[in-house]
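Reading the structure
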Amino acid sequence: MRRATSGDAPNGAWGRIAGRYDGAMNPEDVDRLAALLLRTNEDPGSRDLHTWGTPHDALAAEIRGLERPVIVLEDGGRGVMILDVAIEKARAWAWGPAVEGDDRPVRADALLDEALRRLPPGIERVSAYPASGSWIEAWWRGRGARAGDVVHVYRAGRQDVGRSSPEVRDAAPADLPALTPLHDAAFPKTYLSAAEMLDAGRGRRVLVTPAAGPPAGYACAEARLDETGYVHYLAVDPARRRQGLGRRLLLAALHWLHVERGLRETVLTVADRNDARDLYAQAGFTRIATGQPIDLPIGPR
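Residues numbered from 1 in each chain as written. Predicted model: local features only at pLDDT ≥ 70, side-chain atom pairs only at ≥ 80, totals over all residues. Heavy atoms only, no water.

**Re the overall build of the chain**
Put simply, the test is: Note on conventions: DSSP H or I runs of at least 4 residues are helices, E runs of at least 2 residues are strands, and numbering of each starts at the N terminus. Burial classification: accessible surface area is computed with a 1.4 Å probe over protein chains only, and a residue below 20% of its type maximum counts as buried, one above 50% as exposed, and the rest as partly exposed. Contact between two residues is taken to exist if any of their heavy atoms lie within 4.5 Å; hydrogens are not considered. Per-residue and other accessible areas follow the Shrake-Rupley method at a 1.4 Å probe size, with only the shown protein chains counted as cover for residues.
In terms of helices and strands, the chain carries 8 helices and 14 strands. Among the 301 residues that make up the chain, the fraction classed as buried is 50%. Intrachain contacts of the chain at a sequence separation of at least 6 include 73% that bridge at least 24 residues. Accessible surface, the chain: about 13,400 Å² in total, of which carbon and sulfur atoms supply 48%.

Okay, structure coming up:
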């Protein structure tokens, strides 16, 4: 799940379907967008898993931290589409559509059409993460989006995890050659490359095992602005599985998040076909939502 964690006012495209406004958002705009996203997420039938579960202030901070967003808001303020654009990946991540009131699919069409019109050249797909069974999942499919693997969202409350294993250490730049093929094989279509993952400037920490030699496994965790932890990645070399390395890494990440940082809970996502689901259940995680990430191909505009 792609999330912004810091930054100044957005520098991307911002506009209304009707009316005349084109410029940087002020704090009142950001608060209004965050409130709208929160209200629509209260309804399971409208839930967008990119933003669901994030408190107002943290969500507002994430909106402010988007580097190149495209944001389209209805004139009445009851519908919005946010596209988090990554030009270097030829991809944008959709937050929404978040629409209140009647005729939601029709209004969502208008929001998306205007957002696509405002995208910079070179974007090839828009990725979304609607909750399973929601109207926005059906709507995205109706727009021609292709579904990926079923993914579950898991959450664990604060735990008094014991000391981290001495066989776990922080990743170093020298680990990149070993981590890159492991990361690319485990998460071939993900939102962070191995090099980006190692950038610790966004509250992330990458842990590897064993302590000596090239990594056989790694975990990437983040302390988020909403006082929750997020485990972005956990992977172990297939030749080294069933040796307890995954559990060692997970417990080390939870120790950092819950004990050292004092965060109240940790969230992660895992594919339905991933055997690590049993590991997370044993570590105290419970499933709280299910979704199916989808991609909308975009032709030349």
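**Side note on the sheet that holds strand S8 (residues 169-170)**
Here is the rule we go by: Strand pairing requires that DSSP identify at least two bridges connecting the strands.
Spatially, the 7 strands line up as an open sheet ordered S8-S9-S10-S11-S12-S7-S13, and their pairing is mixed. Each of the sheet's edge strands pairs with one partner strand only, and the pair in question is S8 and strand S13 (286-291). The pairing of strand S7 (residues 151-157) with strand S12 (residues 265-271) spans 7 bridges and is classified as antiparallel. Residue pairing in the sheet places Gly 157 in a bridge with Glu 265 of S12.

**Notes on the environment of Glu 260**
Mapped onto the elements of the fold, Glu 260 is located in helix H7 (residues 245-260). For Glu 260, a relative accessible area of 49% translates into the label partly exposed. Not counting residues up to four positions away in its chain, the partners in contact with Glu 260 are Arg 205 and His 255.

**Focus on empty space enclosed by the protein**
The condition is simple: Of the two site types, the cavity is a set of points on a 1 Å grid over the protein atoms alone where a 1.4 Å probe fits but cannot get out, and the pocket is an open set with protein on both sides within 12 Å along at least five of seven lines, each lined by residues with an atom within 4 Å of a point. Grid points are joined across faces, edges and corners, and a volume is the space filled by probe spheres set on the points. Gly is placed with the polar residues, together with every amino acid not listed as nonpolar (Ala, Val, Leu, Ile, Met, Phe, Trp, Tyr, Cys and Pro) or charged (Asp, Glu, Lys and Arg).
This model, assessed by the stated rule, comprises 1 cavity of 30 Å³ or more. A volume near 30 Å³ is recorded for the largest cavity. Lining the largest cavity are Leu 37, Thr 40, Asn 41, Ser 46, Asp 48, Thr 51, Gly 96, Pro 97 and Ala 98. At the level of secondary structure, the elements contributing two or more residues to the lining of the largest cavity comprise helix H1 (27-41) and strand S4 (91-99). Its residues assigned to classes, the lining of the largest cavity comprises 3 nonpolar, 5 polar and 1 charged.

**A word on the environment of Asp 295**
Cut-off, in case you're wondering: A 3.5 Å cut-off defines polar contacts: any pair of N or O atoms within that distance qualifies, except that in protein one atom must be a possible hydrogen donor and the other a possible acceptor, and neighbouring residues in sequence count only when both atoms are side-chain atoms.
Checked against the element boundaries, Asp 295 lands in strand S14 (residues 294-297). Note: C-alpha distance between Asp 295 and Tyr 129 (166 residues apart in sequence) is 9.0 Å. Beyond its immediate sequence surroundings of up to four residues, Asp 295 is in contact with Arg 91, Arg 125, Val 126, Ser 127, Ala 145 and Arg 146. Of the polar contacts made by the side chain of Asp 295, one reaches the side chain of Ser 127; its length is 2.5 Å.

**Topic: the pairing of strand S9 (residues 204-209)**
Counting buried residues along S9, 5 of its 6 residues qualify, which places the element largely inside the surrounding structure. Taken together, the 6 bridges between S9 and strand S10 (residues 217-223) define a ladder with antiparallel strand orientation. Bridging across to S10, Leu 207 finds its partner in Ala 219.

**Some words on helix H4 (residues 135-142)**
Taken residue by residue, H4 has Trp 135, Ile 136, Glu 137, Trp 139 and Trp 140 as its buried positions. Residues of H4 that are buried make contact with strand S3 (79-86), S4, helix H3 (104-118), strand S5 (125-128) and S14. One or two positions beyond H4, positive phi appears at Gly 144, with a value near 100°.

In short, geometric facts, not functional conclusions.
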